[in-house]
Amino acid sequence: MKILFGFLLIILCTLVHAKILDKIMAVVDDQTISMLDVMRIKDTLRARNEISPQIFPKTSLTDKEIMNILINKKLIREKLNALGYVIADDQVESQIKSTEDRLGLNRDALLNFLRTNGLEFEEYFEVTRESIEYNIFLSRVISPMISVTEQEIKNEFYKTNPTNSTLGHRFDLVDFYIPKGILKPSEMSQLPRVLKGLQKGESLRGNFGKFDATNINNINEDGLSKEIKGQLEKLNTGDFSSPITIGNKIHVFFVKHKELVDSDKFLKQKEILRQKIYAESEKQMTEMWFQRESSKHFIKFF
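Residues numbered from 1 in each chain as written. Predicted model: local features only at pLDDT ≥ 70, side-chain atom pairs only at ≥ 80, totals over all residues. Heavy atoms only, no water.

A word on the sheet that holds strand 6 (residues 249-262)
Thinking step 1. Across the sheet, which stays open at both edges, the four strands sit in the order 4-3-6-5 with antiparallel pairing between neighbours. In this open sheet, the two strands that pair with only one neighbour each are strand 4 (212-220) and strand 5 (244-246). Averaged over all adjacent pairs, the angle separating strand axes in this sheet is 35°, with direction ignored.
Thinking step 2. Relative to strand 4, strand 3 (residues 167-179) is paired through seven bridges, and the arrangement is antiparallel. Across the sheet, Y177 pairs through a bridge with D212, a residue of strand 4. (Pairing = 2+ DSSP bridges. Helix = DSSP H or I, 4+ residues; strand = E, 2+ residues; numbered from the N terminus. Axes fitted to C-alpha atoms, helices over the stretch in contact; angles between N-to-C directions.)

This is the structure we're talking about:
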């Protein structure tokens, strides 16, 4: 009798436990989400995060966060179906094979990884399908709503570089240079007049004829030394700089062309800033889309 009672008690406990696991946690239209669904994802969350961090962004999620992921999956799939996108099994298998090739794995190694992480191949198959759906959803639904402007990028640049400008000057220069000691002090004082005469077509004579010249084209001010940059900032196109001693030579720079352009520092950060703003906008737009789309469906949490 005691044995029979104990057996019945075990069955009863099992049924109660099964009933608890089958408890409905949420309803989305005609689809239910049970506690068993939620617990299964919790138990395999680390593997799911590794396989699809876009869908499972953390290795620890609350029941409500998991239910929202399941609801969002349904909303995405319905939207893609309406747009004519249905991810067939062949496409999922192709994606899995591509992943195996990229990681240098065979199917046995993949199955071993899944077993180690407590994930069934069928579950991995569906997570892969959902990842494909999510990427199509981002590219076809969310991406067209995002536009990153030049001003937004500049504003982001100023947040971390408040003392720097997004603009700088670009120059086309002629560098006239001569070894130190060749020109006498009296000749040095005549140098601006002589170089201006050169603009008018006059030739360089005497010691001035010992000047060499090099064209320096398309150079940003960030690529110039502080001393040269300080001189050229004050000049306009067609001006000569004052003599500048660099090493054992005296240099005079003629400004052939000067224009405002994006600074080198800004250009180096520009694409990174664009991607940062895009990612933030993508996250915001996606959240807004889910909120708006959810309002069109019957969703109830228990």
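More follows now that the structure is in view.
Some words on the packing of aromatic side chains
Thinking step 1. For the structure shown, the criterion picks out ten aromatic pairs.
Thinking step 2. Pairing F157 with F266 gives two aromatic rings, centres 5.3 Å apart and planes at 85°, and the pair type is edge-to-face. With F157 in helix 8 (residues 150-160) and F266 in helix 11 (residues 264-294), the pair connects residues that are 109 residues apart, well separated along the chain.
Thinking step 3. On the basis of relative accessible area, F157 is assigned to the buried category, the value being 0%. (Phe/Tyr/Trp six-rings, centres within 6.5 Å; stacked < 30°, edge-to-face > 60°. Buried < 20%, exposed > 50% of the residue type's maximum accessible area, 1.4 Å probe, protein only.)

Focus: the layout of surface pockets
Thinking step 1. Of the pockets and cavities examined, the largest pocket occupies roughly 800 Å³.
Thinking step 2. Sorting the residues of the lining of the largest pocket by element identifies helix 4 (63-83), helix 7 (121-142), helix 11 and strand 7 (299-301) as the ones contributing at least two each.
Thinking step 3. Sorting elements by how many residues they give to the lining of the largest pocket places helix 11 first, with eight residues.
Thinking step 4. Grouping the constituent residues of the lining of the largest pocket by class yields twelve nonpolar, six polar and eight charged.
Thinking step 5. Of the voids in this model, the second largest pocket is the one considered here, and its volume is about 420 Å³. (1 Å grid on protein atoms, 1.4 Å probe; cavity = no way out; pocket = protein on both sides within 12 Å on 5 of 7 lines; lining within 4 Å. Points joined across faces, edges and corners; volume = space filled by probe spheres on them. Nonpolar A, V, L, I, M, F, W, Y, C, P; charged D, E, K, R; others polar.)

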